[in-house]
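Commentary on secondary and tertiary structure
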Amino acid sequence: MKEEDTKTAAPMGKIMISSRLPKAFSQPKAFPNKKLHEHHQELSAANEFKNVKKLLSPLKQPSSKNSAFNKAINKLAFFPKLLTPHTSIQVDMLMQSIVHLDEMITVSILKSSYRSGIVKKSLHAPTLRLYASKEVPVSTFVIRQKLLEIIKSWQSMQKSNRHLVEVNSSFWNSPEGCVTIVMEYMAGDSLARLCESIGAIPEKVLRGICRKILIALDKHHKKTGPHGGIDLKQIMLTREGKAKLGLGLTSRLNLKEEISNKKLFSSSEDVFDLGAAMLAASLGGSEWSNEYLNLEGECCLLHSAMICTEIPYLSRFSRSYCEFLCATTQYNIEKRLAVYDLIEHPWLKSDESIGADVDIKELLSMSVSPNGRDNNLNAERQLDMINESLQVVFAGNTDQKQISADNFKELAIEFGVSQEVIHEKFKNIVKVI
């Protein structure tokens, strides 16, 4: 053999990998450790090499629709690829709805924070249904893994628990370094927003809200474990005033990253957070709580607040409500009631209440106008912009889209206009059924 040939030939005893084969496959261990000469003088080695190619050939050829390989490919086509050099995330358990990210039209920004990301009010063009799209920053693989676990467990519970905010879809390959989660749009916003608008929330209203959140929390504790993100912002409200528990992603994901600086959350901590949220809502906000938290000699957050005479409204609470707040915000974890005990608490069973005799729908109607968050542009202008966006989404499609009458009605209420106005704006694009 010439000197040039000895420089390029594969060293003796090393496994050869053909550049024409997928990198995930190498030749069998039984492959003879001999060099393949230019004219395949070693016929047994050449035949073995052909056998390997024949074995792999089905991967390159069209296979039956019912084959296991084809099913796997079709299945993966519906889910994001989350591969890293060292590990991977399996997302085949995620539920994905018919919503696609390129069909979403941003109506307005509901919330924006460097820490928690952006929440957009989005319109799904093919159905004219409103959603909340949350873009969650994912700076590390640990956060990505934790987020996946939260969404999978949440979706497994939401069908059997109507008091959880529904997660419809999630998109994991966003180039901006975030995951987009498409969720149910809660037109009533949150208990935090209601407190900002109204102030102190009457006891009667809080009782109805607390019942539903406790049911959701009990389900979460039994199926998944602690929630870890309960506060006024995660007690969400529909337009009709029905309360639902939010994901609480900001607290839960940051807690995962800062575990060395914070104690691990527990079911008992969820109870305390819920009690603190109810107390804060009764007082119109939680700005005071850090100053009076864990006052020496007091049994709970409620009685810490009671010794501070400058805090209003405390004297107006009913006795059973005070007992409920004390039971939930005990500083001693062993004395704090569990969720299943709180569901049977006399305060939640009673119809008596102290304070204003109003319902949640009345408060929501007074808090913000349907178009209040979008006051930078009037409704007519916004609808014109949406109409233009719809034409872009449906470019080249001359057929009218059939839209549910319920979605149409909801859209009219959200923009504070009549259904006739909405119909006039979109008459060339959609058809109400």
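The text that follows walks through the structure, step by step, so that each part is easy to find. (Residues numbered from 1 in each chain as written. Predicted model: local features only at pLDDT ≥ 70, side-chain atom pairs only at ≥ 80, totals over all residues. Heavy atoms only, no water.)

**Section: the nonpolar core**
Most often, soluble globular proteins keep nonpolar side chains buried together rather than apart. Note the following rule: In these notes, a set of buried Ala, Val, Leu, Ile, Met, Phe, Trp, Tyr and Cys residues joined through side-chain atoms within 4.5 Å is what counts as a nonpolar core. Only protein chains enter the accessibility calculation, which uses a 1.4 Å probe. A residue is then buried if its area is under 20% of the maximum for its type, exposed if over 50%, and partly exposed in between. Here a helix means four or more residues in a row that DSSP labels H or I, a strand means two or more in a row labelled E, and each is numbered from the N terminus. Domain limits in this description derive from either an automatic procedure or a database domain assignment. The contact rule is simple, with two residues in contact once any of their heavy atoms fall within 4.5 Å.
Ranked by internal contacts, the top residues of the largest apolar core, which has 72 residues, are Leu147, Leu191, Ile209 and Met278. Top element by residues in this core is helix α8 (residues 267–283). It accounts for 10 residues. Counting the residues that make up this core, at least three belong to each of domain 1 (101–184) and domain 2 (189–254 + 262–366). Beyond its immediate stretch of four places on either side in the chain, Met278 contacts Leu191, Leu206, Ile209, Cys210, Ile235, Tyr321 and Leu325. Judged by nonpolar contacts, the second largest core, of 25 residues, contains Ala132, Tyr185, Ile386 and Leu390.

**Observations concerning the sheet that holds strand β4 (residues 167–171)**
Test applied: Criterion used throughout: strands pair if DSSP finds at least two bridges between them. Under this scheme, a helix contributes an axis fitted over its contacting stretch, all axes are lines through C-alpha atoms, and angles between N-to-C directions fall in the 0 to 180 degree range.
Pairing is antiparallel across the open sheet formed by 5 strands, whose spatial order is β1-β2-β3-β5-β4. Each edge of the sheet is formed by a strand with only one pairing partner; in this case those strands are β1 (104–113) and β4. Taking the axes of each pair of neighbouring strands and ignoring which way they run, one obtains an average angle of 25 degrees across the sheet. The strands touched by helix α15 (residues 379–393) within the sheet are β1 and β2 (117–124), with β1 carrying the most contacts at an inclination of about 120 degrees. Against the sheet, helix α16 (residues 405–415) engages β1, β2 and β3 (129–137), with an angle of about 70 degrees to β3.

**Side note on the pattern of salt bridges**
The line we're drawing: Salt bridge, as used here: a side-chain nitrogen of Lys or Arg that lies within 4 Å of a carboxyl oxygen of Asp or Glu.
Counted according to the given criterion, the structure contains 14 salt bridges. A salt bridge links Glu323 to Arg319; the nearest nitrogen and oxygen atoms lie 3.5 Å apart. Taken together, the positions of Glu323 and Arg319, both in helix α11 (residues 319–328) and 4 residues apart, correspond to about one turn of that helix. Glu323 sits in the partly exposed class, given a relative accessible area of 39%. Look at Arg319 and you get exposed, because its relative accessible area is 69%. Put simply, Lys425 and Glu380 hold a salt bridge, and the shortest N to O gap is 3.0 Å.

**Observations concerning the packing of helix α5 (residues 191–198) against helix α14 (residues 360–367)**
Definition in use: An angle below 35 degrees is treated as roughly parallel, one above 145 as roughly antiparallel, one from 65 to 115 as roughly perpendicular, and anything else as oblique. Note on convention: the crossing is left-handed when the near helix lies turned anticlockwise from the far helix by less than a right angle, right-handed when the turn is clockwise.
The N-to-C vectors of α5 and α14 enclose an angle of 65 degrees; their axes lie 9 Å apart at closest approach. Taken together, the axes of α5 and α14 are roughly perpendicular relative to one another. The chirality of how α5 crosses α14 is left-handed. Residues Leu194, Ser197 and Ile198 of α5 touch α14, and the partners they reach there are Ile360, Leu363, Leu364, Met366 and Ser367.

**Some thoughts on the state of the cysteines**
Let me state the cut-off plainly: For the purposes of this analysis, a disulfide is any pair of cysteine sulfur atoms at a distance within 2.5 Å.
With the rule as written, the count across this model stands at 0 disulfides. This cysteine, Cys299, is not joined by any disulfide, and Cys300 carries the nearest cysteine sulfur, 3.6 Å off. Of all cysteine sulfurs in the structure, the one in Cys326 sits closest to Cys322, which takes part in no disulfide; the separation is 8.9 Å.

**Points about unusual backbone geometry**
The residue Leu128 is not glycine, and still its phi comes out positive at about 55 degrees. Looking at the secondary structure, you find Leu128 in the loop between β2 and β3. If you check the backbone angles, Asp189 has positive phi at about 65 degrees while not being a glycine. Mapped onto the secondary structure, Asp189 falls in the loop between β5 (178–184) and α5. On the basis of relative accessible area, Asp189 is assigned to the buried category, the value being 9%.

**Topic: the side chain of Ser318**
Note the threshold: Any pair of N or O atoms that falls within 3.5 Å is considered a polar contact. Within protein, one atom must be able to donate a hydrogen and the other to accept it, and sequence-neighbouring residues count only if both atoms are side-chain atoms.
Within the element layout of this structure, Ser318 appears in the loop between α10 (301–306) and α11. For Ser318, a relative accessible area of 8% corresponds to the buried category. Of note is the side chain of Ser318, whose polar atom sits 3.2 Å from the backbone nitrogen of Tyr321. If near-sequence neighbours (up to four positions away) are discounted, Ser318 is found in contact with Glu203, Trp347 and Ile354.

**Digging into the packing of α16 against helix α17 (residues 419–426)**
We apply this condition: Amino acid classes used here: Ala, Val, Leu, Ile, Met, Phe, Trp, Tyr, Cys and Pro are nonpolar; Asp, Glu, Lys and Arg are charged; the rest, including Gly, are polar.
Interaxial distance between α16 and α17 falls to 9 Å at its minimum, and their mutual angle equals 110 degrees. Classified by the interaxial angle, the pair formed by α16 and α17 is roughly perpendicular. On α17, the residues that touch Phe408, Lys409, Leu411 and Ala412 of α16 are Gln419, Ile422, His423 and Phe426. Of the residues assigned to the contact of α16 with α17, the class counts are 5 nonpolar, 2 polar and 1 charged.

**Description of the environment of Phe408**
Along the chain, Phe408 falls in helix α16. Classification of Phe408 as buried rests on a relative accessible area of 3%. For the pair Phe408 and Thr127, spaced 281 residues apart in sequence, the C-alpha to C-alpha distance is 8.9 Å. Contact partners of Phe408, with chain neighbours within four places excluded, come to Leu128, Ile403, Gln419, Ile422, His423, Val430 and Val432.

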